[in-house]
Amino acid sequence: MEKIASFKVDHTTLMRGVYVSRKDKIGQETVTTFDIRMTEPNREPAIDPAVMHTIEHLAATFIRNDARWKDLLLYWGPMGCCTGFYMIVKGDMEPCDVMDILKRTFAFIKDYDGEIPGATPDSCGNYLFHDLPQAKREAGIYLSYLQLAIYTVS
Ligand SMILES: [Zn+2]
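Criteria and thresholds
- Residues numbered from 1 in each chain as written.
- Predicted model: local features only at pLDDT ≥ 70, side-chain atom pairs only at ≥ 80, totals over all residues.
- Heavy atoms only, no water.
- Helix = DSSP H or I, 4+ residues; strand = E, 2+ residues; numbered from the N terminus.
- Rg over C-alpha atoms; globule rule 2.2 N^0.38 Å.
- Buried < 20%, exposed > 50% of the residue type's maximum accessible area, 1.4 Å probe, protein only.
- Contact = heavy atoms within 4.5 Å.
- Areas by Shrake-Rupley, 256 points an atom, 1.4 Å probe, with all protein chains shown as cover.
- Lys, Arg positive; Asp, Glu negative; His and termini not counted.
- Charge placed at Lys NZ, Arg CZ, Asp CG, Glu CD.
- Pairing = 2+ DSSP bridges.
- Axes fitted to C-alpha atoms, helices over the stretch in contact; angles between N-to-C directions.
- Donors = N, O, S within 2.8 Å, 3.2 Å for Na, K, Ca; no water.
- Phe/Tyr/Trp six-rings, centres within 6.5 Å; stacked < 30°, edge-to-face > 60°.

Broken down by element type, the chain carries 3 helices and 4 strands. For the chain, the succession of helices and strands along the chain, N to C, is β-β-α-β-β-α-α. A globule of 154 residues ought to have a C-alpha radius of gyration of about 15 Å, and the chain, at 15 Å, matches this closely. Its C-alpha atoms give the chain principal-axis dimensions of roughly 40 × 35 × 35 Å. Burial analysis of the chain (154 residues in total) assigns 44% to the buried set. Sequence-distant contacts, at least 24 apart, represent 66% of the contacts inside the chain between residues at least 6 apart. Of the roughly 8,700 Å² of accessible surface on the chain, 55% is carried by carbon and sulfur atoms. Distance from the positive charge centre (17 side chains) to the negative charge centre (21 side chains) of the chain: 4 Å.

Put into structure tokens, the structure is as follows:
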């Protein structure tokens, strides 16, 4: 089988960051897929799957409640390698277009206290499989990175 585009990226040098992984045309519309890379692949420990799960619930809930982004977000979900998330949005976008919503999302997770949204047996497939304290910690680490990073339109 053909090696798909995302496997052709050299993961041994990939850094933490926000990357456009693909842009797809669907009719007249462009859909942009971002890699929200939270750890350095193969050089840092990947994120624990229970932590990924909690970040998934909190990030999807936050973005889907945002007045602007609720209509632009098509998908937020975990990478199987547990080093980050996929964010698929409507429109032809660059990392600078999503920095504001990402900073607000990770700030929300870092400071979140209380019940994890959707972590009940009727609304989640593995509702006890969560780790809020570590999710907050990982969100704080990534937020610090986003606050330092400079993204410009290439
Ligand atoms: Zn769940």
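Here we have 4 strands laid out as an open sheet, ordered 1-2-4-3, and antiparallel in their pairing. Of all strands in the sheet, those with a lone pairing partner are strand 1 (17-26) and strand 3 (73-78), marking the two edges. Between one strand and the next, the sheet's axes are offset by a mean angle of 15 degrees, whatever the strand orientation. Where strand 3 and strand 4 (residues 84-90) come together, 5 bridges link them in antiparallel fashion. Bridge assignment links Tyr75 to a residue of strand 4, and that residue is Ile88. Sheet strands in contact with helix 2 (residues 95-110) are strand 1, strand 2 (29-37), strand 3 and strand 4, and its direction is about 120 degrees off that of strand 1.

Of the protein atoms, only His53 (NE2), His57 (NE2) and Cys124 (SG) coordinate the zinc ion, at distances of 2.0 to 2.2 Å. All donors to the zinc ion come from one chain, and their sequence spacing reads H-x3-H-x66-C. One end of the pair, His53, is in helix 1 (residues 49-64); the other, Cys124, is in the loop between helix 2 and helix 3 (132-148), and 71 residues separate them in sequence.

So, about the packing of aromatic side chains. Within this structure, the stated rule accounts for 6 aromatic pairs. Aromatic side chains Trp76 and Phe85 sit 5.3 Å apart centroid to centroid with 25 degrees between the ring planes, which places their arrangement in the stacked category. Side by side, Trp76 and Phe85 carry an identical accessibility label, which is buried. Measuring from ring centre to ring centre gives 4.9 Å for Phe106 and Tyr142, while their planes differ by 75 degrees; the resulting arrangement is edge-to-face. In this pair, Phe106 is assigned in helix 2 and Tyr142 in helix 3, connecting sequence segments 36 residues apart. Looking at Phe106, the relative accessible area reads 0%, which means it is buried. Residue Tyr142 is classed as buried on the basis of its relative accessible area, which comes to 1%. Here the aromatic residues Trp76, Phe85, Phe106, Tyr142 and Tyr145 are joined through ring pairs into a cluster of three or more.

Where strand 2 lies against strand 4, 7 bridges are found, and the strand directions are antiparallel. Its bridge partner being in strand 4, Phe34 is matched across the sheet by Met87. The antiparallel pairing of strand 3 with strand 4 creates a hairpin that spans 5 residues between the two strands, and Cys82 there sits at a positive phi of about 60 degrees.

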